[in-house]
Each structure stands twice: as structure tokens, then as C-alpha cells.
Amino acid sequence: MSWRILHILDHSLPLHSGYAFRTIAILRQQRRLGWHTAQLTSARHAAGAPARESEDSLRTDTAGGEQVAGWQFFRTRPLHSWWTRLPVLRQLAVVVGLARRLRQVALHERPDILHAHSPSLNALAALHVGRALGIPVLYEIRALWEDAAADQGSSPAGGLRYRLTRALDDYVLRRVQAVTTICEGLRTELVARGVAPERITVIPNAVDLEQFRPASAGAGLLAHQLGLTGRLVIGFIGSFYPYEGLILLIRALPQMLAAIPSLHLLLVGGGPQDTTLRQLTNDLGLAGRITFTGPIEHEKIGAYYGLLEVLVYPRLSLRVTELVTPLKPLEAMAQGKLIVASDVGGHREMIEHGKTGMLFRAGDANALASEVVRLLGQRSSWPALRLHARAYAERERSWTGSIARYREVYQQLAPKQQAHKVTRQVSP
């Protein structure tokens, strides 16, 4: 059966984030399955990447949108008033503006299902419009945003904002028709918060197996351009957030260099900790041993993976990292790369120590350094690790298999006869 799905999102391309890349993977695969998708972002998108369309088109042309990398995204214009700058009311403004825009888009697109992706502000707007138009709402939780804010230092754990965000999630979870999430860690958390297990479906993060194929390491023009020819390169590809533990990785580097002098650390990406990491590199006298590339276009990432002998993921042990599985290690596994990762819950859900990668005690720089040195000294183990990593990605984490799991959820929400009814209800 072919459904018409309206996705309600926090942000999208051209912003680069795991959130945006998962969105594109979902849309691409759902289109391949013959499902029609439309996609709308909230006003929060404009805070990071202002929409290029005019305010007039946002206000009056429901058929308009922004074309990004071949995809059309409907945008929501931020509300501008004195009260929208106040705490709490600022979030209410996001919901009010999104609900208005969502109703416009829904009347134009005639969806069978409103698929709201976290945060809960999107689901709250979707519930309002869904009730008015008789459209079922699916809420997809990709992370617990109160924990992410606490771990990034923007909102203290247990504070008013933290408790309000959590309470709003609970409110939405009790009222939507179905819930999906991205990993077993989050599923367990939601069950503990009172969501019936049968209402939750896990749609895990996955990888495009065609885009990320096993690649040969290291030489070539790019290695020459970066001054890495002849170096034994380890590194990290992703966003530089505090919870990624990159400070720990840099602090562990001198111990690794003492054992393997030819080692070089490559950090690909950017983010909030970029300046801090560069300063730490200089303070430790490691400027000649670490290369920062800055942000890289997503389609060029494959070449940088080819430079790396070992990918290191030193995530710290925090609620968000214990509960949520990251996307980047899956890209590395799909290419049969060697992986060293901290033993946080999100990693343990994907990586089996000694089989698909190597795990070390989270937060321990000595353990990190020892595991990297040990792996680099055991070349005989590399072929099996690479083979098992790729096999895991093919067997468990392809986007084809992952996105197909939506079929059963959508069927429960909008069987054929209900879909016809919804179409009639939203007809202008």
C-alpha cells in the first residue's frame, strides 16, 4: 500500500547533523517504497539556517517550499512579538507557528499520517492539527532532548526547563496513536516512563550500504594534500560536541605516540568544541600531530574515511550516550573499518568487543590509549574485525531493512479504508 506521509521536523538540510542525515535516509527509502512524503520544519530550523524563501511565500503559498539537495522542505516562519522572546513562551511560539503552518501544508498535501519527529514541540503541534483534521499522529523520539540539553550545558539536569521538557514528552506520549524510537536503550526508558511496550516500535539508525562500501586506507591525493602520506592515521569523523569525548582523545594521544611515533590524529568536522580542542592541541604541543579539517561536505566524507586506519569514538558516560545509539560508527562499520569506542550503552548496543570493534572504559584516557595501541599491534586480527563489522551493518543496519519497519506501524494507523476517509476530510 502507498501512504501519504507528512513529516514534521525540528530542522533539516542544509544544516549538517545526525538528525538531518537520518531524515534524508528515511525520505529516500520511503520514496523507494512508493510512499509519498512531504516534509515540514519548525521555526527552530531558521535559528540555524534561515530559509531562503521569502516571508510572503511562507505565509501565503502553501505549495511553496525550499529546495535543498533535490528535496523540497516546507518551512515555518518564526513568530515575532515581544512575548516570543520570553522563556517558556518562546517554545509556545514555536508550537503555535508550527500548528498554523502544518494545517496549511496538511490541507494541501492530504496526508494519511502526521509523522512528528522529536522534540515534543513538533508532536504537540501535530496533535492539535491531527485532532482538527482527523489524521493519526506518530511520534518518533530520536533522543531525550532534556538530557541532551543538560549534557551540552545549556540546561541543568533537574532544573525547571528540564522538568518541563520531560513533562511535555510524557503528555504527548500518552496521546499520540503510535510511538517509534531509534534504539533499545530509548525503548527501555520509555517503557519505564509508562508507555506500553506494544505501542513502541524501534526503527534503528542504519547506513546506506551503497554509499559506504569497504575502502582501501590511506594513500592518494587527499593524504598528500593533508600532509599525511606515510603516517599511521587514526581519527574521528563527526560533530565536536562535549559528550563525544574528544578532549579525552587528545589527552590520550601522547601515550599513544610514545608507543607508536608514526601515529597521527585526524579530526574531521566541527562544532561547539572546535576552538577548545584546537587550543588544547596547542597547549599540549601536539600541533604537528593533529590535523583539523573543519566541516566537510557529506558527499566527500567517504574519501576521509579512506585515510583512517582506526576510527575512535570516545563518548563520555552521560544519560544521552548511555541511552542513544550514534550514527557515525555505523558508517565506519559499513566500510569495514577498525573501531575503538568507549563502552557506553549506545556503543554496546551496536559494537561487540573483539568481534565488530574494540571497547574501552568510558572516560579513561589510559584505557583508550592502551586499546588503540593494542589493536594497532595486532594486525592479524584486522581482517576478521573488518569482515564482522561489515556483515553486522549488512545484516542488522541497512536503511532498506530499517525503514521497512514503518510499514506495520503505518498500516495500524491508516489502513486502506481509513486513508480514503482522511483524504476526504482534508480536501479543501
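Our structure is the block above this text.
Owing to the predicted nature of the structure, the values given are computational and were not obtained by experimental measurement. (Residues numbered from 1 in each chain as written. Predicted model: local features only at pLDDT ≥ 70, side-chain atom pairs only at ≥ 80, totals over all residues. Heavy atoms only, no water.)

> Teacher, can you tell me more about the overall build of the chain here?
Of regular secondary structure, the chain possesses 20 helices and 14 strands. A compact globule built from 428 residues should have a C-alpha radius of gyration of about 22 Å, and the chain, at 22 Å, falls within 12% of that. The dimensions of the chain, computed from C-alpha atoms along their principal axes, are 70 × 45 × 45 Å. Burial statistics for the chain: of 428 residues in total, 55% are counted as buried. Expressed as a percentage of contacts within the chain between residues at least 6 apart in sequence, the contacts between residues at least 24 apart total 74%. Roughly 17,900 Å² of accessible area belongs to the chain as shown, and the carbon and sulfur atoms make up 52% of that amount. Each charge class in the chain can be summarised by its mean position, and for the 50 positive and 35 negative side chains these summaries are 3 Å apart. (Helix = DSSP H or I, 4+ residues; strand = E, 2+ residues; numbered from the N terminus. Rg over C-alpha atoms; globule rule 2.2 N^0.38 Å. Buried < 20%, exposed > 50% of the residue type's maximum accessible area, 1.4 Å probe, protein only. Contact = heavy atoms within 4.5 Å. Areas by Shrake-Rupley, 256 points an atom, 1.4 Å probe, with all protein chains shown as cover. Lys, Arg positive; Asp, Glu negative; His and termini not counted. Charge placed at Lys NZ, Arg CZ, Asp CG, Glu CD.)

> What is the right way to look at the sheet that holds strand 14 (residues 358–360) in this model?
One key point about sheets: their strands pair by backbone hydrogen bonds, in either a parallel or an antiparallel sense. The six strands are arranged 11-10-9-12-13-14 in an open sheet whose pairing can be described as parallel. The open sheet has two edge strands with one neighbour each: strand 11 (290–294) and strand 14. Direction aside, the axes of adjacent strands within the sheet are offset by 25° on average. Here strand 12 (residues 310–313) pairs with strand 13 (residues 338–342) via four bridges, running parallel. Paired with Val 310 across the strands is Leu 338, a residue of strand 13. Relative to the sheet, helix 10 (residues 246–259) contacts strand 9 (232–239), strand 10 (263–270), strand 11, strand 12 and strand 14, its axis offset from that of strand 10 by approximately 165°. Lying over the sheet, helix 16 (residues 365–376) contacts strand 9, strand 10, strand 12, strand 13 and strand 14, oriented at roughly 160° with respect to strand 14. (Pairing = 2+ DSSP bridges. Axes fitted to C-alpha atoms, helices over the stretch in contact; angles between N-to-C directions.)

> Is there a simple way to think about the packing of aromatic side chains in this case?
Here the distance between the centres and the angle between the planes together describe a pair of aromatic rings. The full count for this structure, using the stated rule, is eight aromatic pairs. Ring centres 5.8 Å apart and planes at 65° place the aromatic pair Trp 3 and Tyr 410 in the edge-to-face group. Of the two residues, Trp 3 is situated in the segment before strand 1 (4–9) and Tyr 410 in helix 19 (residues 406–413); the sequence distance between them amounts to 407 residues. Accessibility classification places Trp 3 together with Tyr 410 in one group, the buried group. Aromatic side chains Tyr 241 and Tyr 243 sit 5.5 Å apart centroid to centroid with 10° between the ring planes, which places their arrangement in the stacked category. The exposure class assigned to Tyr 243 is buried, which follows from its relative accessible area of 12%. The structure contains a cluster of three or more aromatic residues connected by ring pairs, namely Trp 3, Trp 35, Tyr 406 and Tyr 410. (Phe/Tyr/Trp six-rings, centres within 6.5 Å; stacked < 30°, edge-to-face > 60°.)

> I would appreciate a short explanation of the pattern of salt bridges in the present structure.
Oppositely charged side chains are able to pair whenever their charged atoms sit close together. Within the structure shown, the criterion is met by 19 salt bridges. For the salt bridge of Arg 315 with Glu 244, the shortest nitrogen-to-oxygen distance reads 3.1 Å. Of this pair, Arg 315 sits in the loop between strand 12 and helix 13 (319–323) while Glu 244 sits in the loop between strand 9 and helix 10, and the two are 71 residues apart along the sequence. Exposure remark for Arg 315: the relative accessible area of 10% places this residue in the buried category. In this structure, a network of salt bridges that share partners links the residues Glu 146, Arg 166, Asp 170, Glu 189, Arg 193 and Arg 319. (Salt bridge = Lys/Arg side-chain N within 4 Å of Asp/Glu carboxyl O.)

> How should the layout of surface pockets be read in this particular structure?
What the second largest pocket holds in volume is close to 390 Å³. Counting residues per element, the lining of the second largest pocket draws most heavily on helix 1 (residues 18–32), at five residues. Looking at the lining of the second largest pocket residue by residue, the classes come out as 13 nonpolar, three polar and five charged. (1 Å grid on protein atoms, 1.4 Å probe; cavity = no way out; pocket = protein on both sides within 12 Å on 5 of 7 lines; lining within 4 Å. Points joined across faces, edges and corners; volume = space filled by probe spheres on them. Nonpolar A, V, L, I, M, F, W, Y, C, P; charged D, E, K, R; others polar.)

> Looking at this model, I keep getting lost on the pairing of strand 6 (residues 137–141). Mind explaining?
As a general feature of sheets, a regular strand has side chains that alternate between the two faces. Across the five residues of strand 6, five count as buried, placing the element largely inside the fold. Residues Val 137, Tyr 139 and Ile 141 of strand 6 are buried on one face, and the alternating residues Leu 138 and Glu 140, pointing to the opposite face, are buried as well. Bridging between strand 5 (residues 113–117) and strand 6 involves four bridges; their strand directions are parallel. Looking across to strand 6, one finds that His 115 is bridged to Leu 138. With respect to chirality, the unit in which strand 5 leads through helix 5 (residues 120–133) into the neighbouring parallel strand 6 is right-handed. As defined by bridge partners, strand 6 adjoins strand 7 (residues 178–181) across four bridges and the pair is classed as parallel. Directly across from Tyr 139, in strand 7, lies its bridge partner Val 179. (Right-handed = clockwise from strand over helix to strand, strands pointing away.)

> Looking at this model, I keep getting lost on the nonpolar core. Mind explaining?
General note: in soluble globular proteins, nonpolar side chains tend to be found buried as a group. Core analysis: the biggest nonpolar cluster contains 93 residues, and Ile 234, Met 256, Leu 263, Leu 267, Leu 368 and Leu 376 have the highest contact counts within it. Broken down by element, the residue count for this core peaks at eight residues, all from helix 10. Non-local contacts of Leu 267, meaning those with residues more than four positions away in its chain, are made with Phe 236, Phe 240, Leu 249, Ile 250, Ile 290, Thr 291, Phe 292 and Thr 293. If you look at the next biggest cluster of nonpolar residues, it comprises 41 residues, including Leu 6, Val 105, Ile 141 and Ile 200. (Core = buried A, V, L, I, M, F, W, Y, C linked by side-chain atoms within 4.5 Å.)

> Mind showing me how you'd approach the side chain of Ser 398 here?
Among the structural elements, Ser 398 can be located in the loop between helix 17 (382–396) and helix 18 (399–403). Leave out the neighbours within four places in its chain, and Ser 398 touches Ala 206, Val 207, Leu 209 and Ala 393.

> It is not clear to me how the packing of helix 10 against helix 16 should be interpreted in this structure. Could you clarify?
Axis angle and axis distance: for two packed helices, these are the angle between their axes and the distance between the axes, and together they describe the pair. Interhelical geometry of helix 10 versus helix 16 gives an angle of 45° and a closest axis separation of 8 Å. Judged by the inter-axis angle, helix 10 sits oblique to helix 16. When you trace helix 10 past helix 16, the crossing you get is right-handed. From helix 10, Leu 248, Leu 249, Ala 252, Gln 255, Met 256 and Ala 259 reach across to helix 16, where they touch Ala 365, Asn 366, Leu 368, Ala 369, Ser 370, Val 372 and Val 373. Within the contact of helix 10 with helix 16, the residues separate by chemical class into ten nonpolar, three polar and no charged. (Parallel < 35°, antiparallel > 145°, perpendicular 65-115°, else oblique. Left-handed = near helix turned anticlockwise from the far one by under 90°.)

These values are about where atoms sit, not about what they do.
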